[in-house]
Amino acid sequence: MQRLLFAAAFLGALSSPAEPQGTVPTPVSVLGFEPGTDKRLPTWKQVTDYFTALDKASPRVSVRTLGKTVQGRPFLVAFISDPSNLQNLERLRQVQRKLMDPTLRTAAEREGLIEQGKTVILITSSIHSTEVGGFLTPFVIADRLARGTSAEVRSILQNTIIMLVPSQNPDGVDIVGNWYRSTLGTPAEGSSPPDLYHYYTGHDNNRDWYAFTQPETRYTVDSLYTPWNPQIVNDIHQQGPNAGRIFIPPYMDPLEPNIDPVLTAGTNALGMEMAWRLIAEGKTGIATNASYDQWSPARQYSLNHRGVRILTETASARLATSINIPFQALGTGRGYDAKVVSWNFPALWRGGNWGIGNIVDYQSSATWALLAAAARDRRMWLESYATLGDRALADNAPWSNAPGVPAAFVIAKDQRDTQARDRLLWTLQHGQVEIRETTAPVSVDGRAYPAGSHVVLVKQNFGSYAKALLERQAYPDLKEYPGGPPKRPYDVTAHTLPLLFGVDVAAVMGTAPATGGPIAAIPEPKYSVAGLSDARTRRIAIYKSYTASMDEGWTRWIFDVNRIPFTSLVDRDIKAGNLNAKFDAIIIPDQSAGAITRGLPNAYPDSVRGGLGEAGTKALVDFVEQGGTLLTFNDASLFAIEAMKLPVKNVLEGVKNTDFYAPGSILAAEMNQNHPATRGVTAPVLGVWFEDSPAFEITDPSRATAILSYPASGNPLLSGWLLGGQRLNGKAAMVEATVGKGKVVLYGFRPQYRGQTNATYPLIWDAIGRAATQ
């Protein structure tokens, strides 16, 4: 059993005899092991059993079930504070609301509210389920707060209200934990499971913070963010094992231009204080201002809703199995070298054994440093919080780092796709954005919008957030060094909802239009596709690789939410052949050709390794030649080009990133109006999601047709970042090729990107609708 390095540091908080502790359960009393024991992970039932017991035994803890996960497990939050605070929770919530919203308070009330209020802190953990320290750190934090009697514990309890979410992905606790336990002692020990650890999204569950597609996201937003809008969010994660031991903000550039500088400064100050305390405790390998940026609201919800986001990323092991890393084997992180002292990496970790106990130790220490500082500086946090509310409603938009802030955005009611329109309205309202209606006609760039059009005023509590989602992004052209390659963003660079959803939205500059009051909540639309929803007129299959693909999960999600029946096919199903007897259309979501054909390596059990191989590839070729339709998304198209010997080449193959680079942007595309696969497209401006994607050139026009092409000239960038866009001019973005009696449809983009691209969904539905009818 690995020695628990953090135990000694916590004993002081639990050793005072001033308060009997015999009735409050300890983690070990429920788990049967100390959190951080090598090769031991809890089940979700054990997590819920512990927090349920804590709720019953401690007046400092109140546990609530917010709902059921995708797979039916309870989703929990533990409110932790002084008993007097928990007894007055609703009153304190109203204080928090008044501090947040200047329209709910007078200037004379401000000081009294600050005196009454508490620093509200949301702690979220283990949204990514292979980051298994996050299964265990909540036990340590909850135990210390529930049983501790030190002055620091009392300060935290008295001055803060903590909302602790033990896991944002309870299903993944069991998916990963069960896989880990089943592979102990085998070559697969410590490997990732051959399934997504969230049923639909996998790792992308932490990219759902403005689309709100998953119930787990909605529980956190609806029940914790929206009622409380916490001042601080501590988001506990893990990173790779070969650089620093933990990342703590400040973040790297770039900054999203709609995040208030007050929040950026607060994030920086709190993060640096945490790093200072950890180094003073003797911890090493702490990186700041490294690796992670502050760009997208897809993962920065709190920074767009008045709360600093303290992301911590601790080095991983092989799940709960220890590893040994010699000092010389350490590498670089973005912004530092783990073998070289620098201002943002001042204390070197000298290598050695690293395991689950170390992970829990670092995570727990970082969270405790945050809690202690937040409690001590309660007044400063509340004063800053109230100021943020004042700045949100100020006339000169002091929160913005960009020139030319619009007064409003007008959303036409007469959209061709009413489901997409209503999804946009619902999405904005779900993120606490007020929507109104104009009381008089509005003219924008020569177009008249009648009275009664929907409008989003930027001067409102979360107008900056609305602006971030409704405007087009201009990601800065950052280089690793002058004249060097592009500086890779941590995630993607665009999040323009009107382009993603395919909705007409116009920015109003100057004076805001006259409006009525906020409209009532728009219900989430009931999504459907004519001829496909609730029907089996097409026999559809989706390939599910054991090299688990998030894109495959998102594909299943859009089919399920639109109620379109389908069958999931794994490798052995395809290798069995005779596919035409069962299916008209087969979809291969975005995945590399190697992952599709070779699959998982030999360390995995025989039942899941090996990919399609020659037999599966031949079965797909036979399927198409005998009249089937194969749809391939993004990189999977390169597999089809090779396997089917298609007269198409990827013009970007081998091109250096100094000559072409598009790490997640929205690009303009033009439709072949004569092709039936484009008949359902209604977007006023058609943009496709391009993320390290291929672009096509047809070498034999008698066998292949371009369905979508990039503009013949000019820069195709609509939103995000694009280098070398001229290489796309006139190239095909979507191609249909004939093979025998069937068709292969190549998408050089992700038409169902993260469940957000309503604009390009019809390109999937129309291709399926034509299957077996050609």
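Here the structure is shown first, and the text comes after it.
Residues numbered from 1 in each chain as written. Predicted model: local features only at pLDDT ≥ 70, side-chain atom pairs only at ≥ 80, totals over all residues. Heavy atoms only, no water.

**Overview of the overall build of the protein**
In terms of regular secondary structure, the protein is built from 22 helices and 33 strands. For 774 residues, the compact-globule estimate of 2.2 N^0.38 gives 28 Å, and the C-alpha radius of gyration of the protein, at 27 Å, lies within 12% of that figure. Counting only C-alpha atoms and orienting by the principal axes, one finds that the protein spans roughly 85 × 70 × 55 Å. Taken over 774 residues, the protein has a buried fraction of 63%. Summed over all atoms, the accessible surface of the protein reaches about 27100 Å², with 51% contributed by carbon and sulfur. (Helix = DSSP H or I, 4+ residues; strand = E, 2+ residues; numbered from the N terminus. Rg over C-alpha atoms; globule rule 2.2 N^0.38 Å. Buried < 20%, exposed > 50% of the residue type's maximum accessible area, 1.4 Å probe, protein only. Areas by Shrake-Rupley, 256 points an atom, 1.4 Å probe, with all protein chains shown as cover.)

**Some points on empty space enclosed by the protein**
Scanning the model with the defined rule gives five cavities of 30 Å³ or more in all. Reported here for the largest cavity is a volume of approximately 140 Å³. Looking at the largest cavity, it is lined by 17 residues, and the ones nearest its centre are Asp260, Arg306, Ala392, Asn461 and Ser464. Here the lining of the largest cavity gets three residues from one element, more than from any other, and that element is helix H13 (residues 378-392). Residues that form the lining of the largest cavity fall into these classes: seven nonpolar, seven polar and three charged. (1 Å grid on protein atoms, 1.4 Å probe; cavity = no way out; pocket = protein on both sides within 12 Å on 5 of 7 lines; lining within 4 Å. Points joined across faces, edges and corners; volume = space filled by probe spheres on them. Nonpolar A, V, L, I, M, F, W, Y, C, P; charged D, E, K, R; others polar.)

**Focus: the sheet that holds strand S19 (residues 454-457)**
Pairing in this open sheet of four strands is antiparallel, and the strands run S16-S19-S15-S20 from one edge to the other. Lying at the two open borders of the sheet, with one neighbouring strand each, are strand S16 (436-437) and strand S20 (505-508). Two strands pair when backbone bridges link them, and S16 and S19 are joined in this way by two bridges, in the antiparallel orientation. Counted as the bridge partner of Arg436 is Val455 from S19. (Pairing = 2+ DSSP bridges.)

**Points about the pairing of strand S10 (residues 308-315)**
Strand residues, when the strand is regular, have side chains that alternate between the two faces of the sheet. Most of S10 sits inside the fold, with eight of its eight residues counted as buried. The alternating pattern of S10 places Val308, Ile310, Thr312 and Thr314 on one face and Arg309, Leu311, Glu313 and Ala315 on the opposite face, and all of these are buried. Across two bridges, strand S6 (residues 246-247) lies against S10 in antiparallel orientation. By the bridge assignment for S10, Ile246 is matched with Thr314.

**Details of the side chain of His495**
Mapping His495 onto the fold places it in the loop between helix H15 (463-470) and helix H16 (497-501). Dropping the residues within four chain positions of it, His495 is found in contact with Tyr210, Glu256, Trp295, Ser296, Pro297, Ala468, Leu469, Gln473 and Leu500. (Contact = heavy atoms within 4.5 Å.)

**Quick look at the packing of helix H5 (residues 89-100) against helix H10 (residues 215-228)**
Relative orientation of the contacting elements H5 and H10 amounts to 60 degrees, with a least axis distance of 8 Å. The pairing of H5 with H10 is recorded here as oblique in orientation. Taking contact as the criterion, the partners of Leu89, Leu92, Arg93, Gln96 and Arg97 in H5 are, on H10, Thr226, Pro227 and Trp228. Taken together, the residues that form the contact of H5 with H10 break down as four nonpolar, two polar and two charged. (Axes fitted to C-alpha atoms, helices over the stretch in contact; angles between N-to-C directions. Parallel < 35°, antiparallel > 145°, perpendicular 65-115°, else oblique.)

**A word on helix H3 (residues 44-57)**
The terminal C-alpha atoms of H3 lie 20 Å apart, and with 14 residues this matches the ideal 20 Å at 1.5 Å per residue to within 8%. All of the buried residues in H3 are Trp44, Gln46, Val47, Thr48, Tyr50, Phe51 and Leu54. Contact partners of the buried residues in H3: helix H2 (27-31), strand S1 (61-68), strand S2 (74-80), helix H7 (133-147), strand S4 (160-165) and helix H9 (170-183). (Expected span 1.5 Å × (residues − 1).)

**Looking at the sheet that holds S2**
Read from one edge of the open sheet, eight strands run S1-S2-S4-S3-S5-S10-S6-S8, paired in mixed fashion. Taken across any chain shown, the strands that pair with only one partner, and hence form the sheet edges, are S1 and strand S8 (286-287). As judged from the seven bridges shared by S1 and S2, these two strands associate in the antiparallel manner. Bridge pairing in S2 places Val61 opposite Ile80.

**Topic: the layout of surface pockets**
Approximately 820 Å³ is the volume attributed to the largest pocket. Lining the largest pocket are 36 residues, and of these His203, Asp491, Met550, Glu691 and Arg754 sit closest to its centre. Within the residue set of the lining of the largest pocket, elements represented by two or more residues are strand S5 (232-239), S10 and helix H17 (550-561). Split by residue class, the lining of the largest pocket holds 10 nonpolar, 11 polar and 15 charged.

**Notes on the nonpolar core**
Judged by nonpolar contacts, the single largest core of 148 residues is most densely connected at Phe51 and Leu371. Ranked by residues supplied to this core, first place goes to helix H12 (residues 356-376) with 12 residues. Once residues within four sequence positions are removed from consideration, Leu371 is found in contact with Ile121, Ile123, Ile141, Leu145, Ile156 and Ile162. Counting 42 residues, the second-largest nonpolar core is a separate cluster that includes Trp557, Ala585, Ala677 and Ile764. (Core = buried A, V, L, I, M, F, W, Y, C linked by side-chain atoms within 4.5 Å.)

**As for the side chain of Asp235**
Tracing the backbone shows Asp235 in strand S5. A polar contact of 2.9 Å, which involves the side chain of Asp235, links it to the side chain of Thr124. If near-sequence neighbours (up to four positions away) are discounted, Asp235 is found in contact with Thr124, Gln168, Asn206, Arg309, Ile310, Leu311 and Thr312. (Polar contact = N/O pair within 3.5 Å; in protein donor to acceptor, adjacent residues only side chain to side chain.)

**Quick look at the pairing of strand S32 (residues 732-739)**
Within S32, seven of the eight residues are buried, leaving the element largely enclosed by the surrounding structure. In terms of strand pairing, S32 meets strand S33 (residues 742-747) through six bridges, oriented antiparallel. Residue pairing across strands places Glu736 opposite Val745, the latter belonging to S33. Adjacent in sequence and paired antiparallel, S32 and S33 are bridged by two residues, among which Gly740 carries a positive phi angle near 60 degrees.

**Structural notes on the packing of aromatic side chains**
Scanning the model with the defined rule gives 31 aromatic pairs in all. Of the aromatic side chains, those joined through ring pairs into one cluster are Trp209, Phe212, Tyr225, Tyr301, Trp426 and Tyr465. Lying over the aromatic face of Trp354, Arg245 brings its terminal NZ or CZ to 4.7 Å of the ring centre. If you follow Arg306 out to its NZ or CZ, it ends over the ring of Phe462, 5.1 Å from the centre. (Phe/Tyr/Trp six-rings, centres within 6.5 Å; stacked < 30°, edge-to-face > 60°. Lys NZ or Arg CZ within 6 Å of the ring centre and 35° of its normal.)

**Some remarks on the pattern of salt bridges**
Counting across every chain of the model gives 44 salt bridges. For the salt bridge of Asp171 with Arg73, the shortest nitrogen-to-oxygen distance reads 2.9 Å. Residue Asp171 is located in helix H9, and its partner Arg73 is located in the loop between S1 and S2; the two are separated by 98 residues in the primary sequence. Arg73 gets classed as partly exposed once you look at its relative accessible area, which sits at 22%. The partner of Arg218 in a salt bridge is Glu524, with the nearest N and O atoms 2.8 Å apart. Here Arg218 is found in helix H10, whereas its partner Glu524 is found in the loop between S20 and strand S21 (540-543), with 306 residues between them in sequence. Using a relative accessible area of 26% as the deciding quantity, one classes Glu524 as partly exposed. Connected via shared salt-bridge partners are Glu152, Arg277, Glu281, Lys283 and Asp361. (Salt bridge = Lys/Arg side-chain N within 4 Å of Asp/Glu carboxyl O.)

**Quick notes on helix H21 (residues 636-643)**
The set of residues buried in H21 consists of Ala636, Ser637, Phe639, Ala640 and Ile641. Just beyond H21, the residue with positive phi is Lys645, at close to 55 degrees.

**Digging into the packing of H7 against H12**
Running from N to C, H7 and H12 point in directions that differ by 50 degrees, and their axes come no closer than 9 Å. Here H7 lies oblique to H12, going by the angle between them. Here H7 runs over H12; the crossing is right-handed. Touching Gly133, Gly134, Leu136, Thr137, Val140, Ile141, Arg144 and Leu145 of H7 are Ile356, Ile359, Val360, Gln363, Ser364, Thr367, Trp368 and Leu371, all from H12. Here the contact of H7 with H12 is built from residues that sort into nine nonpolar, six polar and one charged. (Left-handed = near helix turned anticlockwise from the far one by under 90°.)

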